[in-house]
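Listed below, chain by chain, are the residues.
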Amino acid sequence: MFDKVLIANRGEIALRIQRACREMGIATVAVHSTADEDAMHVRLADESVCIGPPQAAQSYLNIPALLSACEITGADAVHPGYGFLSENARFAEILIEHNITFIGPNPEHIRTMGDKIKAKETVAAAGIPVVPGSSGGVASHDEALGIAKEIGFPVLVKASAGGGGRGMKLARSAADLQGAIAAARTEARAAFGDDVVYLEKYLTKPRHIEIQVLCDGQGNCIQLGERDCSLQRRHQKVWEEAPSPALNERQRAEIGKTVARAMKKIGYLGAGTIEFLYEDGGFYFIEMNTRLQVEHPVSEMVTGVDLVQEQIRIASGGALAIKQGQVKIQGHAIECRINAENAFTFVPSPGRIVSYHPPGGLGVRVDSGVYAGYEIPPFYDSLIGKLIVSGKNRPECLMRLRRALEEFVIEGIDTTIPLFNDLCSHRDIVNGDYDIHWLETFLSERAEPGADKD
Ligand code: MV4
């Protein structure tokens, strides 16, 4: 096992990783920018190293500075968290070249899954169902039109280097196709320096359902059920839950089995998430994430498995602590992402937290790095914490969520808490009746209080 892990991240996820290390008897190193000197992840770590100025490109993304921090502190492994360098295959390679363990999958798998065409080919060959579409990139307009007519309009043009909704264009009919391809190419070239695009049948009202997996280096690959992440705004998840209200036991077991078998086949290592669109009873792969995800706690709450500890155990060459037969999905969990943003306009709201009182009690977990008096710097993501509630079933979980939201006090800045007050009592949410477009529709019909009263 490792003696010392350097955590190449900040905020709530840096704390989450520290907690896992502490329980495993592993020393931790925090790294931070000059804007994060007062951050909780720095205060709670065994050691800390300043790695640069506020801009992420010069600090949390600064590979030479991170290597120096490893060297100075004698860290033998790096946990990248999510975002920043977590899906940078080159970073993983460089660490390996310096005899430092990257707590994550092999660089080859990171690279493969980062290329959305290769990702689809790879998982399809391993038996995972994918969205019907072009096999590989599309070259000429004639080729694209032929494929689009075969799969049927509407079709979605996607950038192979994209993901997370960047460089995506919809073609409702043949008349739209040439323009959609040109627009997707231009956007992809500007954003990623790569204009390869592919076509997919457009699914009109799917849910976003993703499967959590853990694979060790000893041939064990387990799945921990699904998370329903359909409630998104501008491709950012807002609310995630496990299990999905849309699936029954049989569907859950079947897709889980398919995914675990496929991951074993490709020799995947570590924690990963396989994302699907789910419509009319069918699962269609869209992307794979080769890292720990923001919403991992909902899977932890319904399985009792510490995903970060498993990541660390796997990276150190150990075997998974649990077998598939021991994984039981129990009860229900919901996560609300608390952002430092206005709950109506979503305008970021950095600044000083004047008072802070998180909720507690049975089935309530708050993963956050903020405290009373903390000043949220304006340089990073606006996620300041996550409220995760669990209960023996979904109705109990929703009741507890309402109660926890009432208890939550954050003063001095705007947060997205008021949005969750509205969501957890909405009929469609209570019924579990929502798809990937539900939240945007809800928000567009929801007026800001006090604005435009007559
Ligand atoms: C799709 C789709 C419909 N059909 N692919 C958006 C981000 C990226 N992860 C994939 N995305 C989508 N791909 C096909 N073939 C609709 C979306 C999509 C979406 C997916 C998940 C959650 C929210 C979404 C919001 C808009 C579009």
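Note that this is a predicted model, so its numbers are computed, not measured.

The rules behind these values
- Each chain carries its own residue numbering, running from 1 in the written order of its sequence.
- Since the coordinates come from a predicted model, pLDDT governs what is reported: local features require at least 70, and pairs of side-chain atoms require 80 or more to be given and counted, while whole-chain, interface and lining totals use all residues.
- Only hydrogens and water are removed before side-chain values are computed, so all heavy atoms of the structure are retained for them.
- Helix and strand assignments come from DSSP, with helices taken as H or I runs of at least 4 residues and strands as E runs of at least 2, each series counted from the N terminus.
- As a reference, a globule follows 2.2 Å times the number of residues to the power 0.38, and the radius of gyration itself is taken over C-alpha atoms.
- The buried label applies to any residue whose accessible area, calculated with a 1.4 Å probe on protein chains only, is under 20% of its type's maximum; exposed applies above 50%, and partly exposed to all values in between.
- In this description, strands pair whenever DSSP reports at least two bridges between them.
- Each axis is a line fitted through C-alpha atoms, and for a helix only the stretch in contact is used; angles between axes span 0 to 180 degrees, taken between their N-to-C directions.
- For this analysis, residues touch if any pair of their heavy atoms sits within 4.5 Å.
- What makes a residue near a molecule or strand is one non-hydrogen atom of that residue sitting within 4 Å of it.
- Side-chain atoms alone can form a polar contact between residues adjacent in sequence; in general such a contact is a pair of N or O atoms within 3.5 Å, and within protein one must be able to donate a hydrogen while the other accepts it.
- Note on areas: Shrake-Rupley with a 1.4 Å probe; residue coverage comes only from the protein chains shown.
- Gly counts as polar in this scheme, as do all residues outside two lists: the nonpolar Ala, Val, Leu, Ile, Met, Phe, Trp, Tyr, Cys and Pro, and the charged Asp, Glu, Lys and Arg.
- For classification, angles of less than 35 degrees are called roughly parallel, those exceeding 145 degrees roughly antiparallel, those between 65 and 115 degrees roughly perpendicular, and all remaining angles oblique.
- Crossing handedness is defined as follows: a turn of the near helix away from the far one that is anticlockwise and smaller than a right angle gives a left-handed crossing, while the clockwise case is right-handed.
- Any pair of Phe, Tyr and Trp rings, taking the six-membered ring for Trp, is counted once the centres come within 6.5 Å. Such a pair is stacked with planes under 30 degrees apart, edge-to-face with planes over 60 apart, and tilted for the rest.
- Note on criteria: charge over ring means Lys NZ or Arg CZ within 6 Å of the ring centre, with the direction from the centre no more than 35 degrees off the ring normal.
- Throughout this description, the term salt bridge denotes a Lys or Arg side-chain nitrogen within 4 Å of a carboxyl oxygen of Asp or Glu.
- Domain delimitation in this document rests on an assignment produced automatically or drawn from a domain database.
- Summed over both partners, buried area is the accessible surface (1.4 Å probe) that two parts give up on being assembled.

(A) Representation of the overall build of the chain in the model. If you tally the helices and strands in the chain, you get 15 helices and 20 strands. Taking 2.2 N^0.38 as the reference for a compact globule, 454 residues should give roughly 22 Å; the C-alpha atoms of the chain span a radius of gyration of 22 Å, in line with that estimate. Dimensions of the chain, computed from C-alpha atoms along their principal axes, come out at roughly 65 × 60 × 45 Å. For the chain, buried positions account for 57% of its 454 residues.

(B) View of the sheet that holds strand β13 (residues 282-289). Taken together, eight strands build an open sheet; the order of strands is β13-β12-β9-β10-β11-β14-β19-β17 and the sheet is antiparallel. Strands at the two margins of the open sheet, each flanked by one partner only, are β13 and β17 (364-368). For this sheet, the mean angle separating the axes of adjacent strands, direction not counted, is 25°. Pairing of strand β9 (residues 207-215) with strand β10 (residues 221-233), which is carried by six bridges, proceeds in the antiparallel orientation. Pairing of C215 across the sheet is with C221, part of β10. Sitting on the sheet, helix α1 (residues 11-23) is in contact with β17 and β19 (383-391), with an inclination near 115° to β17. Set on the sheet, helix α12 (residues 394-407) makes contact with β11 (236-242), β14 (332-339), β17 and β19; between it and β19 the angle comes to about 140°.

(C) A look at the site of the ligand. Taken together, 17 residues surround the ligand, and among them K158, E200, K201, L203 and E287 come closest. Between a nitrogen atom of the ligand and a main-chain N or O atom of K201, the distance comes to 2.7 Å. Here a nitrogen atom of the ligand and a backbone polar atom of L203 are 3.0 Å apart. Burial of the ligand by the protein chains amounts to 92% of its free accessible area of 520 Å². Of all the elements in the fold, those that place two or more residues in the shell around the ligand are β6 (155-163), β8 (197-201) and β13. Taken together, the residues of the shell around the ligand break down into eight nonpolar, five polar and four charged.

(D) Seen up close, the packing of helix α3 (residues 63-73) against helix α4 (residues 89-97). Between α3 and α4, whose axes approach to 11 Å, the crossing angle comes to 30°. On the basis of the axis angle, α3 is roughly parallel to α4. Judged by the sense of rotation from one axis to the other, the crossing of α3 with α4 is right-handed. Between α3 and α4, the contacting residues are I63, L66 and L67 on the first element and F91, I94 and L95 on the second. For the contact of α3 with α4, the class distribution of residues is six nonpolar, no polar and no charged.

(E) Representation of the packing of aromatic side chains in the model. Applying the stated criterion across every chain, the model contains ten aromatic pairs. Taken together, Y60, F84, F379 and Y380 form an aromatic cluster joined through their ring pairs. Between R207 and the ring centre of Y434, over which it is positioned, the NZ or CZ distance is 4.3 Å.

(F) Quick look at the sheet that holds β8. Here we have three strands laid out as an open sheet, ordered β7-β6-β8, and antiparallel in their pairing. Pairing within the sheet leaves two strands with one partner each, and these edge strands are β7 (166-171) and β8. In this sheet, adjacent strand axes meet at a mean angle of 25° when their direction is disregarded. The pairing of β6 with β8 spans five bridges and is classified as antiparallel. By the bridge assignment for β8, A159 is matched with V197. Taken strand by strand, helix α7 (residues 141-151) contacts β6 and β8, and its axis lies near 20° from that of β8. Packing of helix α8 (residues 174-192) onto the sheet brings it into contact with β6, β7 and β8, and relative to β7 it is tilted by some 180°.

(G) Quick peek at the pattern of salt bridges. Inspection of every chain in the model, using the stated rule, returns 35 salt bridges. In this structure, D46 engages R22 in a salt bridge whose closest nitrogen and oxygen atoms are separated by 3.5 Å. Taken together, the residues span a long stretch of sequence, with D46 in the loop between α2 (40-44) and β3 (47-52) and R22 in helix α1 at a distance of 24 residues. A residue is classified by how much of its surface remains accessible, and D46, at 45% relative accessible area, is partly exposed. Linking E254 and R250 is a salt bridge whose minimum nitrogen-to-oxygen distance equals 3.9 Å. Of this pair, E254 and R250 are both found in helix α9 (residues 249-266), four residues apart, which corresponds to roughly one turn of the helix. Grouping residues by exposure puts E254 and R250 together as exposed.

(H) How the structure looks around the domain arrangement of the chain. Taken as a whole, the chain is organised into domain 1 (4-103), domain 2 (132-201) and domain 3 (207-446). Put simply, the middle of domain 1 and the middle of domain 3, counted by C-alpha atoms, are 23 Å apart. Buried surface at the junction of domain 1 and domain 3, summed over both partners, amounts to about 2300 Å²; 60% is from carbon and sulfur atoms. At the boundary of domain 1 and domain 3, one finds four salt bridges. A salt bridge links E87 to R291, with the shortest nitrogen-to-oxygen separation between them at 2.7 Å. Where the side of domain 1 that touches domain 3 is concerned, the elements lending two or more residues are α1, α2 and β5 (101-102). Considering each element in turn, the side of domain 1 that touches domain 3 owes the most residues, nine residues, to α1.

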